[in-house]
Amino acid sequence: MDESRVLLWVKAEPFIVGALQVPPPSKFSLHYLRKISTYVQIRATERAYPRLYWSTWRHIACGKLQLAKDLAWLYFEIFDSLSAKTPEERLEWSEVLSNCTSEEEVEKQRNQLSVDTLQFLLFLYIQQLNKVSLRTSLIGEEWPSPKNRSQSPDLTEKSNCLNKNWNDYSHQAFVCDHLSDLLELLLDPEQLTASFHSTHSSLVSREAVVALSFLIEGTISRATKIYPLQELALWQPLHADSGFSKSSKAFCFYKLEAWLRSCLTGNPFGTSACLKSGKKLAWAHQVEGTTKRAKIACNTHVAPRMHRMVVMSQVYKQTLAKSSDTLVGAHVKIHRCNESFIYLLSPLRSVTIEKCRSSIFVLGPVATTLHLHSCDNVKVIAVCHRLSISSTTGCIFHILTPTRPLILSGNQTVTFAPFHTHYPMLEDHMARTGLATVPNYWDNPMVVCRENSETSVFRLLPPCEFYVFIIPFEMEGDTTEIPGGLPSAYQKALGQREQKIQIWQKTVKEAHLTKDQRKQFQVLVENKFYEWLINTGHRQQLDSLVPPAAGSKQAAG
């Protein structure tokens, strides 16, 4: 590191993946989190600090904060999914769970899990990102309606919609606005006053700064390497600025805060930078008669692993299919895509689908969260670590997931169904993202926001309506069937349908039609099939598989 200027920024992933898109429990306020911080730090020997075990968090969340156990586990598990575990470790955990035969055994295994205590406190605090503020509601910046309409119909650099989880301006503003609170939350109890506040002489431990690296990282200007916050704060030439004292082996609170504020800048790998200066991808073609042009941008040519991002908007009436290094490990945002069929067949980090309608999305395995917001009449087919949905209408989810799907606010007529397709590299991609076929909770959703308990917002697809989905592309790879197979009721329904086809074929054969009758009969069947294709919308799906004219072909990624 040379003497150049230090640049710090707020990481995107804790907000994209970690901040649940729902107002947080009231007990996640700073007042209660400060109490928890003190409580765990004075119980360092009781599985509370520096690692917080599930059993201790369950006691705090259920006993002291009055959270339901499922909700307590949800936040613990979301944070754990953000930790740097290898795919092999995640697969081992899936195997352990799938071998449990009772709730008691599951709980026994969970009791062995622990998370970084201070980072977990920061994680709980950033849930305030999606807190609905009465003040901002009144002045018109936000309103707690199920479908918050964007001010602008386009995905622009400045607004990039009202989804705060993807808005790096919101991430930076949140951290800057609450920096004092975040630092106070990490202080040792003896550094606080009786009212849980810092003083002019408060010292911030090295462990606290390490914890803050959960949210902040940086670099030296003109350098390419990214450093965790603590490495920059502890760098010898910066001690006077960051407030580090060799004698106390700690940081001066007010100096550290001032240094952080002076160095914080925009995230060079955030959504804004991706849209403004990212590489534009010619994956989609312009549809005749439409004025809106598809926009697809990525930062994968400059961003390190874990910072990769692909944003696509306004893909309209077409099939877009990709299996590309550009997508591998990327956070993907799909925005305002209508009447399209989108196949992204690579291992993905996270996926957010927002304000899309009348489309089908077939995704490679999603290592963290797949989130849908404000979508109508959309079908999603995916293996994912977690699915969450808000403000959706008439959507169908064919999923394989080791966690319970989360039904947040504003959803209507949601359908869950088993994962029902495969492509040649699927199992290889699942292994790379640490996703197994069991346990699979596709049929056991968790209603996080119960707005009207009288009516169920979801149903499970009846087996009689179930068909498998064929991915119509050739690829290299070894997967030849649906991973994990199908639940028996759905497999039985397919078998019965196959039996009907065989009976039909036998009936036709035994009718001993003449050559002319066979021709006439074939025309009748083809006409009926053509009618069915048009009535179901499958005609457009087949037509869009035909490559566009040479001048407007989708470019390789």
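In what follows, the structure referred to is the one given above.
Residues numbered from 1 in each chain as written. Predicted model: local features only at pLDDT ≥ 70, side-chain atom pairs only at ≥ 80, totals over all residues. Heavy atoms only, no water.

Draft legend 1. Representation of the overall build of the chain in the model. Along the backbone of the chain there are 19 helices and 23 strands. Expressed as a percentage of the 557 residues in the chain, the buried residues total 50%. Partitioning the contacts of the chain with sequence separation of at least 6, the portion at a separation of at least 24 is 58%. Of the roughly 26700 Å² of accessible surface on the chain, a fraction of 53% belongs to carbon and sulfur atoms. (Helix = DSSP H or I, 4+ residues; strand = E, 2+ residues; numbered from the N terminus. Buried < 20%, exposed > 50% of the residue type's maximum accessible area, 1.4 Å probe, protein only. Contact = heavy atoms within 4.5 Å. Areas by Shrake-Rupley, 256 points an atom, 1.4 Å probe, with all protein chains shown as cover.)

Draft legend 2. Just the pattern of salt bridges, in detail. Tallying each qualifying case throughout the model produces 14 salt bridges. Note that glutamate 107 is salt-bridged to lysine 69, the shortest N-O span being 3.2 Å. Placement of the pair is glutamate 107 in helix α6 (residues 103-110) and lysine 69 in helix α4 (residues 69-82), with a sequence separation of 38 residues. Given a relative accessible area of 10%, glutamate 107 falls into the buried group. Under the relative-accessibility criterion, lysine 69 is labelled partly exposed at 34%. Through salt bridges with shared partners, a single ionic network connects Arg58, Lys69, Glu107 and Arg110. (Salt bridge = Lys/Arg side-chain N within 4 Å of Asp/Glu carboxyl O.)

Draft legend 3. View of the nonpolar core. The biggest cluster of nonpolar side chains holds 87 residues, and the ones touching the most others in it are Leu8, Trp57, Phe120, Phe123, Trp259 and Leu260. Looking at which element gives the most residues to this core, the answer is α4, with nine residues. For this core, the two domains that each supply at least three residues are domain 1 (6-131 + 163-263) and domain 2 (272-494). (Core = buried A, V, L, I, M, F, W, Y, C linked by side-chain atoms within 4.5 Å. Domains from an automatic or database assignment.)

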